[in-house]
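Chain by chain, the residues run as shown.
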Amino acid sequence: MYYRLPKIEYFRPKTLEEAVGLLEKVEGSKVIAGGTDILVDAKTSRVRVKALVDIGSIAELRGIEDLGGAIRIGAATKLQELLESSAVSENLPLLRAAVESMASWQIRNMATVGGNLCNASPAADTAPPLLAYDAELVVVGPGGSRTVPITKFFTGYRATALGRAEILKEIIVRKAEWTGWNYIKLGRRDGFTLSIVAVAVLARVRNGTVEDVRIALNSVAPTPVRAYGAEEMLRGREVSRGALERAAREVMDEVSPIDDVRSTAWFRREMSYRLTLDALTKALGAE
Amino acid sequence: MEAARLGISKLGGADTLCRGSDPVAARHFKVSSITFRGAVTAEDPRSVLRRWLEAETLLVVGRSIERADSLEKALGRARFVEDFLEEGYLVARLALARTPHARLKAVKCSPALRVSGVLRVLTHRDIPGENQVGYAIPDQPLLAEGKVRYYGEPVAVVVGRDPDAVNEAVDLIELEAEPLPTLLDPLEAMERRDVLVHDALDSNIAFRTRVRKGDVEEGFGKADVVVENTYRTHHQEHVYLEPEAALAIPDLENRITVLATIQYPHLGQKIVSRVLGLPASYVKVVAPYIGGGFGGKDDEGPLVAARAALAAYHLRRPVFLYYTREDSIQVHPKREAAVIRYKSGASRDGRLTAIEVTIVHDTGAYANRGPFILWRATMHSSGPYYVPNAKVDGYCVYTNKVPQGSFRGFGNPPVHFAVESQMDQLAEKLGMDPVEFRLINLLRPGNETLTGQVLESSVGIHEALRRLAASSGWRAKRQEYGQLRAGRFRRGIGVAVAWHGNSTSRGVPDWSNAYIHVARDGSVSVYTGIVEMGQGSPSSSHRQLVAEILGCPIDKIRIVFGTTDAPDSGATHASRGTSVGAIGIVVAAGRIRSRLESFLSEYYGVERDRVEMSRGQVFVDGEVRMSWEELVALAYSKGVDLSATGYFFLPKGTFNEEVGQGFAYPAFSFIAVVVEIEVDTCTGRVRVLEVHPALAIGKVVNPEAVKTQVEGAVLQGIGYALMERLVFSADGKIVNDNLTDYVIPTFHEVPAIRDAIFVEDLWEFGPFGAKGVGEMALIPMPAAIANAMSHALGARILELPATLERVYSIARQTCGG
């Protein structure tokens, strides 16, 4: 009653080809999956929507599959399904931890992982873990299928590498041996809120030496970001308090946060340091 | 709106103050201690109240009974305003000003009127009666006229066939207006005379208060320690689950029925009739179930009702007016932002010697209830302590922001944040334990308050704090956490006490009333204007009072609440749903009981005291003689009147505004809380772990209902203290007007809330001695959290909310972060 959508044309294609065709043909059309972002934006007129193409009933976009060497997640898979999947909890614990911090059970049952990525909010919660995993995004459009590394997916504030009439089909995460991981989200309250800063860390440490490390953050730049400089500083180094602190300080220098109602840029910078240090400490087993 | 018509020159006079009533009435009913008293009989209200206050055995009152609304609310069957919407009713929304301060030349309606489905756009020109809705001062139009004074001020009501049309049209309303300089900072606005929010005044000060007691110079001269600080608090949004709405239905002869989200139907009736120029008897206002109010719907409720009624009046069809969440946040008044300068002193033996306080409230564009809020804050500014010397000055300052308004605690949470922070610092300087220091100064029966009012009875705070200190393990924890003050995560324990006057202030008239009717089948209807907004008084305590007094089964009792068809029972605000609101119910029920007892005594030919009515039965000398139903049938056949009203006018005293001395309130409710927290010094995260409450609120009618009030208020207090804050842009717009950006606590933030200690310090006029509780637990929470933080960090926060960022900054300075 209080919030009414403007008049919107609605399509519910059964196949991906059909969906791409509709996006190409219908002017001003956008994709809807769970609708937890776009419906709010449409109601408040933040985004003008003329037509919606609902990809929720396209079977090939749903589900989580263990492919042996990789995990495949359909873009329209619900967040709650990720949380309840053993393939995710066994292979992608960092992603699971991030999803666990997201929204409420009701919203997780509607919202999709692909929607969270394509909405491209700087505060997207599934982005830091998937950035850390170096996920590959399979995109389907009029020109066929292509793979975009997630690190190239976010092109600017609320902008992605998706071209006209392209749809995110699935997310592929290659299995790798990680010895530690950690995800920390800091918000104005404990749950059910946007982050002030969130940090995801994956690490492989052998004999006290960092073989590989990935650090990704949200809410500290126009897009979710990887902290490549800090990663580089740690790779090949021995785990030490000093090395971790230097890396965290590098993260603090790399990020470019803004002031908004949730936090000042200054505090975000401070917390980028603190949360990175905490996450590295846990993930690298430096406690 | 010209100045002369507003009578603004009368501003600041004591006689313009009459809470929830209009200034004209206040002028006619001069503050006086002389009240009309009828002949004293068994049905005399005072005799009835005394009888039940002194009742020795209680069977229903004092027990936790199930609320009458639990099941229908759990099943989704309870009906709120929107649930009465029928197919074909018209819908309406407000068009809001998108400028903070401007001279308004015209409201351009034609583009909106061209939208298909839009039927009418109503502006101030369409108001047939008075475009004047100020509660304390006549300074506020229902729809902007002459000037726009805040971003979000309602300028027009857009009415149409469906929400799509109305939503589209609302955005098309444009103002022809000449922008004026904007005042957003109350301290600046106080000094400026070149820019005036209200042109008829010579400054932006809407209202002043003062207390002059003893000699502060002398008092500070006797002080061995003095603490002086400036405290700042912020706007808080109510975030009731149900935003404002009203459904106005015209019927025969221009009569209008309005269902509204409103805390005082009779006030709504008065405002609607004033705006429409109709006698009140032509307006009926009903509050169905309300999804939370917290004071916000006390201010906005009558205005929502009036705007809907205006539309229905013109279109002669039912109109449903609704606020979106964003509309609600932009439009309705908020908890005041305050700046409080506080200086207090104490002697080496731990006695307070003097206080000097200045309170500045950011009143926003219209006074609304700001003067009442400031008055309450001023007269409570000592805390519940004996203070021999005091100088207090209060200012309501107009700015170009959303108005200051009623919110659980009504001016007291900010002032207690200041007082109770001061008390801890004085104790520290004296080397005393904060609880010990408070116990020395807390009011006891026979003591004089800040305003020189002697409280003879119903002052249980001393005992409450003593028992609380013991049960919460205060001493041991205070020592233990204090010694552990190192490392990243730090524990702290803090205490705060609070007081809150019951009823309206000074001699401002306040009364209770109800009508009870027993039907032939023994079922009982109780009519009250008190509303059910979740607090539970009509759903639980009112039923308990009637069941206890009539001795009838509780399921026979139906409370017809929230309607102007009931006698004017006053508002459901100020923690008065039971405390004052139900006095009339006790009186009416007591009268019927008394008639039935006289009848039974005559019928059985025995003395009255040998007759007993309880548990749905009549006993003579302890033997069952008949059932409640049989009694009622018999009474009907023998000519006993089983209908009664219960009017009770609260006796009050006189007050001298010049020195702020005299009778302030008929009674005070008290609370003490001990709060345990943990602070992460590296992120600024404060977690409230445990809350221990102790209440001195007279008779506890329903312990479970009191518990839920305490829990809700504690959580709302945690939100206010730690995270809730409205943010204004440079042009005075509320930036976070949605629930993504304005955060309130969730279940994750709920601490362990221990069972409250009750000190039943009975109030002579309260139902069975009950005082108010609804607001109590919120008032000391910010102070208790701040004191616990100070204990944990060794540094003090002077500005709320204690956001992560602020706490982190403090922790970094003192702990090296």
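Residues numbered from 1 in each chain as written. Chains lettered and ligands numbered in written order. Predicted model: local features only at pLDDT ≥ 70, side-chain atom pairs only at ≥ 80, totals over all residues. Heavy atoms only, no water.

### Focus on the overall build of chain A
(1) Moving on: Each helix and strand counted, chain A has 11 helices and 14 strands in total.
(2) Moving on: The globule rule puts the C-alpha radius of gyration for 287 residues at 19 Å, and the 19 Å found for chain A is close to it.
(3) Moving on: Along the first, second and third principal axes, the C-alpha set of chain A runs to 60 × 45 × 30 Å.
(4) Moving on: Out of the 287 residues in chain A, the part that is buried amounts to 56%.
(5) Moving on: Contacts in chain A between residues at least 24 apart in sequence constitute 61% of all its contacts with a sequence separation of at least 6.
(6) Moving on: Of the roughly 12,000 Å² of accessible surface on chain A, 49% is carried by carbon and sulfur atoms.
(7) Moving on: For chain A, the centre of its 39 positive side-chain charges and the centre of its 36 negative side-chain charges are spaced 5 Å apart. (Helix = DSSP H or I, 4+ residues; strand = E, 2+ residues; numbered from the N terminus. Rg over C-alpha atoms; globule rule 2.2 N^0.38 Å. Buried < 20%, exposed > 50% of the residue type's maximum accessible area, 1.4 Å probe, protein only. Contact = heavy atoms within 4.5 Å. Areas by Shrake-Rupley, 256 points an atom, 1.4 Å probe, with all protein chains shown as cover. Lys, Arg positive; Asp, Glu negative; His and termini not counted. Charge placed at Lys NZ, Arg CZ, Asp CG, Glu CD.)

### Remarks on the environment of A:Leu137
Residue and element names in this part refer to chain A.
(1) Moving on: Along the polypeptide, Leu137 turns up in strand β6 (residues 136–141).
(2) Moving on: Between the alpha carbons of Leu137 and Lys169 there is a distance of 7.5 Å; along the sequence they are 32 residues apart.
(3) Moving on: Each residue touching Leu137, except ones within four places of it in the same chain, is listed here: Leu117, Arg146, Thr147, Val148, Ile150, Phe153, Leu168, Glu170 and Ile171.

### Topic: the pattern of salt bridges
Residue and element names in this part refer to chain B.
(1) Moving on: Applying the stated criterion across every chain yields a total of 81 salt bridges over all chains.
(2) Moving on: The residue Glu420 makes a salt bridge to Arg438 at a minimum N-O spacing of 2.8 Å. On the criterion of sequence distance, the pair formed by Glu420 in helix α14 (residues 412–430) and Arg438 in helix α15 (residues 434–441) is long-range, its members being 18 residues apart.
(3) Moving on: Two residues, Arg610 and Asp621, come together in a salt bridge whose shortest N-O distance is 2.9 Å. A residue pair is termed long-range when its members are at least 10 positions apart, and Arg610 in the loop between α20 (583–604) and β21 (611–614) and Asp621 in the loop between β22 (617–620) and β23 (623–627) qualify at 11 residues.
(4) Moving on: You can call Arg610 partly exposed: its relative accessible area is 37%.
(5) Moving on: Note on Asp621: relative accessible area 47%, which makes it partly exposed. (Salt bridge = Lys/Arg side-chain N within 4 Å of Asp/Glu carboxyl O.)

### Description of the domain arrangement of chain B
Residues and elements named next belong to chain B.
(1) Moving on: Here the domain parsing of chain B yields domain 1 (45–60 + 508–649), domain 2 (81–180 + 239–331) and domain 3 (457–503 + 666–815).
(2) Moving on: Each of domain 2 and domain 3 has a C-alpha centre, and the two are 37 Å apart.
(3) Moving on: Summed over both partners, the interface of domain 2 with domain 3 buries about 920 Å², with 67% contributed by carbon and sulfur atoms.
(4) Moving on: Across the domain 2-domain 3 interface, the total number found is two residue pairs in polar contact (both at pLDDT 80 or more).
(5) Moving on: Taken together, the residues of the side of domain 2 that touches domain 3 sort by class into five nonpolar, one polar and two charged. (Domains from an automatic or database assignment. Buried area = accessible area lost by both parts, 1.4 Å probe. Polar contact = N/O pair within 3.5 Å; in protein donor to acceptor, adjacent residues only side chain to side chain. Nonpolar A, V, L, I, M, F, W, Y, C, P; charged D, E, K, R; others polar.)

### Considering the side chain of B:Asp139
(1) Moving on: By the element assignment, B:Asp139 lies in the loop between β3 (118–122) and β4 (147–148).
(2) Moving on: Of the side chains with opposite charge, B:Arg149 comes closest to the buried, unpaired B:Asp139, at an N-O distance of 7.5 Å.

### Quick look at empty space enclosed by the protein
Residues and elements named next belong to chain B.
(1) Moving on: Going through the model one piece at a time under the given rule, you end up with four cavities of 30 Å³ or more.
(2) Moving on: As a volume, the largest cavity reaches approximately 80 Å³.
(3) Moving on: If you trace the largest cavity, you find 13 residues lining it, with Gln140, Tyr150, Pro154, Leu303 and Arg307 closest to the centre.
(4) Moving on: Class assignment for the residues of the lining of the largest cavity results in nine nonpolar, one polar and three charged. (1 Å grid on protein atoms, 1.4 Å probe; cavity = no way out; pocket = protein on both sides within 12 Å on 5 of 7 lines; lining within 4 Å. Points joined across faces, edges and corners; volume = space filled by probe spheres on them.)

### Considerations on the sheet that holds strand β8 (residues 225–232) of chain B
All names here are of chain B.
(1) Moving on: Strand order in the open sheet made by the five strands is β7-β15-β14-β13-β8, with mixed pairing throughout. Two strands close off the open sheet at either side, each with one partner strand: β7 (205–213) and β8. On average, each strand axis in the sheet is tilted by 5 degrees relative to the strand beside it, whichever way the strands run.
(2) Moving on: Pairing between strand β14 (residues 352–364) and strand β15 (residues 390–398): nine bridges, direction parallel. What sits directly across from Asp362, in β15, is Val397. (Pairing = 2+ DSSP bridges. Axes fitted to C-alpha atoms, helices over the stretch in contact; angles between N-to-C directions.)

### Notes on the interface of chain A and chain B
(1) Moving on: With 27 residues of chain A in contact, the opposing surface of chain B contributes 38 residues.
(2) Moving on: Across the chain A to chain B interface the summed buried area is about 2,800 Å²; carbon plus sulfur atoms make up 54%.
(3) Moving on: At the junction of chain A and chain B, the tally comes to four salt bridges.
(4) Moving on: Counting across the interface, chain A meets chain B through 11 residue pairs in polar contact (both at pLDDT 80 or more).
(5) Moving on: Those elements that place two or more of their residues in the side of chain A that touches chain B are β11 (180–187) and α11 (265–283) of chain A.
(6) Moving on: Here the side of chain A that touches chain B takes seven residues from α11(A), the largest share from any one element.
(7) Moving on: Counted by class, the side of chain A that touches chain B contains 13 nonpolar, six polar and eight charged residues.

### Notes on the packing of aromatic side chains
Residues and elements named next belong to chain B.
(1) Moving on: Per the stated rule, a full pass over the model turns up 20 aromatic pairs over all chains.
(2) Moving on: Judged by centre distance (5.5 Å) and plane angle (80 degrees), the ring pair of Tyr231 and Phe417 falls under edge-to-face. On the criterion of sequence distance, the pair formed by Tyr231 in strand β8 and Phe417 in helix α14 is long-range, its members being 186 residues apart.
(3) Moving on: Using a relative accessible area of 0% as the deciding quantity, one classes Tyr231 as buried. (Phe/Tyr/Trp six-rings, centres within 6.5 Å; stacked < 30°, edge-to-face > 60°.)

### What to know about the domain arrangement of chain A
Residues and elements named next belong to chain A.
(1) Moving on: Taken domain by domain, chain A consists of domain 1 (9–54), domain 2 (64–174) and domain 3 (180–283).
(2) Moving on: In this structure, domain 2 and domain 3 have C-alpha centres spaced 20 Å apart.
(3) Moving on: If you look at the interface, domain 2 gives 26 residues, while domain 3 gives 23 residues.
(4) Moving on: Counting the surface lost from both domain 2 and domain 3, the interface buries some 1,900 Å², and carbon and sulfur atoms represent 67% of this.
(5) Moving on: When residues of domain 2 are sorted by the area they lose upon contact with domain 3, Leu94, Pro122 and Pro128 head the list and together hold 27% of the total.
(6) Moving on: On inspection of domain 2 and its partner domain 3, the count reaches three salt bridges.
(7) Moving on: Between Arg214 and Asp134 there is a salt bridge whose closest N-O contact spans 3.6 Å.
(8) Moving on: Along the contact surface separating domain 2 from domain 3 lie nine residue pairs in polar contact (both at pLDDT 80 or more).
(9) Moving on: The set of elements that each furnish at least two residues to the side of domain 2 that touches domain 3 consists of α5 (93–100), α8 (127–132) and β8 (154–156).
(10) Moving on: When residues in the side of domain 2 that touches domain 3 are grouped by element, the largest group, five residues, is from α8.

### Structural notes on α15(B)
Residues and elements named next belong to chain B.
(1) Moving on: The buried fraction of α15 amounts to six of the eight residues, a majority that puts the element mostly inside the structure.
(2) Moving on: What α15 keeps buried is the set Pro434, Val435, Phe437, Arg438, Leu439 and Asn441.
(3) Moving on: Among the residues of α15, the N-terminal cap falls to Asp433, whose side-chain oxygen and the backbone nitrogen of Val435 are separated by 2.8 Å.

### With respect to the sheet that holds strand β1 (residues 9–11) of chain A
Residue and element names in this part refer to chain A.
(1) Moving on: If you walk across this open sheet you meet the three strands as β1-β3-β2, and the pairing is parallel. Two strands in the sheet have a free side with no partner beyond their single neighbour: β1 and β2 (29–32). Here the strands of the sheet are splayed against their neighbours by 25 degrees on average, with no regard to which way each runs.
(2) Moving on: In this sheet, strand β3 (residues 51–54) lies alongside β1 in parallel orientation, the contact comprising three bridges. When the bridges of β3 are listed, Glu9 appears paired with Ala51.
(3) Moving on: Here helix α1 (residues 16–25) sits on the sheet in contact with β1, β2 and β3, set at roughly 145 degrees to β2.

### Digging into the pairing of strand β18 (residues 515–518) of chain B
Residue and element names in this part refer to chain B.
(1) Moving on: Going residue by residue along β18, you find Ile516 and Val518 tucked away on one face and Tyr515 and His517 left uncovered on the opposite face.
(2) Moving on: Note that β18 and strand β19 (residues 524–527) share four bridges and pair antiparallel. Residue pairing across strands places His517 opposite Ser525, the latter belonging to β19.
(3) Moving on: If you look at the hairpin formed by β18 and β19, you'll find five residues sitting between the two strands, and Gly522 has a positive phi there, around 90 degrees.
(4) Moving on: With three bridges joining them, β18 and strand β24 (residues 643–645) adopt antiparallel strand pairing. Paired with His517 across the strands is Ser643, a residue of β24.

### Concerning the side chain of B:Asn738
Residue and element names in this part refer to chain B.
(1) Moving on: Along the polypeptide, Asn738 turns up in the loop between α22 (703–722) and β30 (752–753).
(2) Moving on: We classify Asn738 as buried; its relative accessible area is 18%.
(3) Moving on: Leave out the neighbours within four places in its chain, and Asn738 touches Glu326 and Ile329.

### Here we look at α11(A)
Residue and element names in this part refer to chain A.
(1) Moving on: Taking 1.5 Å of rise per residue, the 19 residues of α11 would be expected to cover 27 Å, and the 26 Å separating its terminal C-alpha atoms lies within 8% of that figure.
(2) Moving on: Across the 19 residues that make up α11, a large majority, 16, are buried.
(3) Moving on: The first or second residue beyond α11 is Gly285, which carries a positive phi of 65 degrees. (Expected span 1.5 Å × (residues − 1).)

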